[in-house]
Amino acid sequence: MIKNNNPIGVFDSGVGGLTVMSEINKILPKENFIYFGDTAHLPYGSKSKNMIIELSKKITLFLIKKDVKLIVVACNTASSFALSILQKTFKIPIVGVIKSTSMAAMSASKKNRIGVIGTEGTVNSKSYINELNKISRYNVYQQACPLFVSLIEEGWTENEITNIIIKKYLKPLLNKNIDTLILGCTHYQLLKKILKKNVKNDVVLIDSSKFVVKEVLNVLNKEKMFAKNRDKVFFKFYVSDNPAKFKKLGNQFFKRKIYDVKKINIDAE
Ligand code: DGL
């Protein structure tokens, strides 16, 4: 039986989803978490829809076996390609980042001109365009930024090369006079400062790691599943490859020290 103090499961292709877990933890500090980073198969951004669905199903099963009470698909690419299938396949509540991020962008945009940056997968899926247009007619302009993830993982979040690449990627969007820019990738939170410098003051940046917590709150509220009166919370980390690299990179994404990371074979679980 699932109990209130059971953990929330969060998954991503690697370290990026730690930004999402960190944001949820800020609002819900009493909750326990299990995080899975599929480091053996990253990047997800350039993989096919079928592959992402297959991997996401395996990870979901793994998290369900760990008795999580709710699953957060932190990865924009997996949310774009796999969320609806996961929700149809499994009984457990599962939320992704596209809906809540789109809602935030809709509230921010005054001119209905929204830019989206993300991985090739997220952009090709048109998940943000579809979500935004469910509510109203928006002019949505997308740009895949495949180089960003590597630059960020290299720690080049403020240097000249990154600035040149940002200018190149953003130019077509800025030419369209967007007033809102969705940072549609787990990693882009770390580029926020330098992205801000490259857009006009009135362009609002919407960071996709920040808003899914609203959906988490809704689910926990509806199911009466908030963790109770806890003094000590736990974070458990699992990866499919290279725990040492995950630990090293993860600290800047999670903004706190990651101690124990276990490597598991998702196919054998
Ligand atoms: N986590 C992915 C996303 O948010 C970015 C990294 C990757 O491509 O695996 O789309």
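All figures in this text were calculated on a predicted structure; none of them were measured in a lab. (Residues numbered from 1 in each chain as written. Predicted model: local features only at pLDDT ≥ 70, side-chain atom pairs only at ≥ 80, totals over all residues. Heavy atoms only, no water.)

**Q** I'd like to hear about the nonpolar core, residue by residue, with values.
**A** Here is a general trend for soluble globular proteins: nonpolar side chains tend to be buried in one another's company. Ranked by size, the top nonpolar core spans 68 residues in total, and within it Leu 18, Ile 117, Phe 148 and Phe 237 carry the most contacts. Contacts of Ile 117, omitting those with residues within four sequence positions, involve Gln 143, Cys 145, Phe 148, Leu 170, Leu 173, Leu 181, Ile 182, Leu 183, Gly 184, Cys 185, Tyr 188 and Leu 195. (Core = buried A, V, L, I, M, F, W, Y, C linked by side-chain atoms within 4.5 Å. Buried < 20%, exposed > 50% of the residue type's maximum accessible area, 1.4 Å probe, protein only. Contact = heavy atoms within 4.5 Å.)

**Q** Tell me what's going on with the packing of helix H1 (residues 18-27) against helix H10 (residues 212-222), and back it up with residues and numbers.
**A** Here H1 crosses H10 at 50°, and the two axes come no closer than 9 Å. Here H10 runs oblique to H1, going by the angle between their axes. H1 and H10 meet at a crossing whose hand is right-handed. Between H1 and H10, the residues in contact are Val 20, Ile 24 and Ile 27 and Val 212, Val 213, Val 216 and Leu 217, respectively. (Axes fitted to C-alpha atoms, helices over the stretch in contact; angles between N-to-C directions. Helix = DSSP H or I, 4+ residues; strand = E, 2+ residues; numbered from the N terminus. Parallel < 35°, antiparallel > 145°, perpendicular 65-115°, else oblique. Left-handed = near helix turned anticlockwise from the far one by under 90°.)

**Q** So what's going on with the pairing of strand S2 (residues 33-37)? Which residues, and what values?
**A** Of all five residues making up S2, five are buried, and the element is well covered by its neighbours. Bridge count between strand S1 (residues 8-12) and S2: five bridges; the pairing is parallel. By the bridge assignment, Ile 8 is partnered in S2 with Phe 33. With H1 bridging S1 and its parallel neighbour S2, the resulting β-α-β unit is right-handed. Note that S2 and strand S9 (residues 235-239) share five bridges and pair parallel. The residue bridging Tyr 35 from the neighbouring strand is Phe 237, located in S9. (Pairing = 2+ DSSP bridges. Right-handed = clockwise from strand over helix to strand, strands pointing away.)

**Q** Residues and numbers for the pattern of salt bridges, please.
**A** Pairing between side chains of opposite charge can happen when their charged atoms approach one another. This model, assessed by the stated rule, comprises 10 salt bridges. Each of Glu 23, Lys 26 and Lys 210 takes part in one network of salt bridges that share partners. (Salt bridge = Lys/Arg side-chain N within 4 Å of Asp/Glu carboxyl O.)

**Q** Help me get a handle on the sheet that holds strand S8 (residues 204-207), residues and values and all.
**A** Across the sheet, which stays open at both edges, the four strands sit in the order S6-S5-S7-S8 with parallel pairing between neighbours. The open sheet has two edge strands, strand S6 (139-144) and S8, and neither has a second partner. Across the sheet, the axes of successive neighbouring strands diverge by a mean angle of 20°, strand direction being ignored. Taken together, the five bridges between strand S5 (residues 113-118) and strand S7 (residues 180-184) define a ladder with parallel strand orientation. Looking at the pairing, Val 116 lines up with Ile 182 of S7. Each of S5, S7 and S8 touches helix H4 (residues 98-108); the most contacted strand, S8, lies at about 165° to it. Along the sheet, helix H8 (residues 160-174) contacts S5, S6 and S7; its crossing angle with S6, the most-contacted strand, is approximately 165°.

Read these as spatial facts, not as claims about activity.
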